[in-house]
Structure formats: C-alpha cells, structure tokens
Amino acid sequence: MAKVTVALDAELVVEVMVLAGVGNPQDAVELVVRDYIARGHRTEARAAAHDDARREADARPQDPQG
C-alpha cells in the first residue's frame, strides 16, 4: 500500500495519542483515520438498510379501505 506523509500540529497529534492510548504518533493518527472510515461505512449500511425497509413497506399492497 502506498504511504503518504502529512504534517500535523504537534498538540493535535499528542491529544490523539492520549485519547487513543497509543505511544506512537503514526499509529495514533492511523487508528483515528481507520475508525472514522469504519464509522462512515457503518452509517452508510444503516442508512441503506433503513431505505430498503422503507421501500419494502411502500411496495406492499394496501388493504382495501372503506
């Protein structure tokens, strides 16, 4: 996999390291990025499941009224 170097504010990286409980700055930032991506995928999956359920409910035949 290709590597990218990014310059970040040292205070930001230290805070990420503390919150992630990781002693290596590279690992800490990588964990945060991977978590952000995973959350995005979970959100997309939930939204898709919700939309699918709504489409299925709308597609069911209605009972005659009256």
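As a starting point, this report considers the structure included with it.

Here is what the cut-offs are and how they apply
- Residues numbered from 1 in each chain as written.
- Predicted model: local features only at pLDDT ≥ 70, side-chain atom pairs only at ≥ 80, totals over all residues.
- Heavy atoms only, no water.
- Helix = DSSP H or I, 4+ residues; strand = E, 2+ residues; numbered from the N terminus.
- Buried < 20%, exposed > 50% of the residue type's maximum accessible area, 1.4 Å probe, protein only.
- Areas by Shrake-Rupley, 256 points an atom, 1.4 Å probe, with all protein chains shown as cover.
- Salt bridge = Lys/Arg side-chain N within 4 Å of Asp/Glu carboxyl O.
- Core = buried A, V, L, I, M, F, W, Y, C linked by side-chain atoms within 4.5 Å.
- Contact = heavy atoms within 4.5 Å.
- Patch = residues over 30% accessible without salt bridge, like charges linked within 9 Å, V, L, I, M, F, W, Y side chains within 5 Å.

## Some remarks on the overall build of the protein
When helices and strands are counted, the protein shows two helices and zero strands. Taking all 66 residues of the protein together, 8% fall into the buried category. Surface summary for the protein: the accessible area is close to 6200 Å², and the carbon and sulfur share equals 57%.

## Focus on the pattern of salt bridges
Applying the stated criterion across every chain, the model contains two salt bridges. Glutamate 30 is paired through a salt bridge with arginine 34; the nearest N and O atoms lie 2.9 Å apart. Of this pair, glutamate 30 and arginine 34 are both found in helix 2 (residues 25-59), four residues apart, which corresponds to roughly one turn of the helix. Judged by relative accessible area, which is 31%, glutamate 30 ranks as partly exposed. As a salt-bridge pair, arginine 39 and aspartate 35 come within 2.9 Å of each other at their nearest N and O atoms. One end of the pair, arginine 39, and the other, aspartate 35, are both in helix 2, four residues apart, so they sit about a helical turn from each other.

## Remarks on the nonpolar core
Core analysis: the biggest nonpolar cluster contains five residues, these being Val13, Val16, Met17, Val22 and Ala28. Examining the composition of this core, we find that three residues originate from one element, helix 1 (residues 10-20), more than from any other. If sequence neighbours within four positions are ignored, alanine 28 has contacts with Val16, Met17, Ala20 and Val22.

## Observations regarding a nonpolar patch on the surface
A contiguous nonpolar patch, built from Val4, Val6, Leu8 and Leu12 and spanning about 400 Å² of accessible area, is present on the exposed surface. One can find leucine 8 in the segment before helix 1. Since its relative accessible area comes to 43%, leucine 8 is described here as partly exposed.

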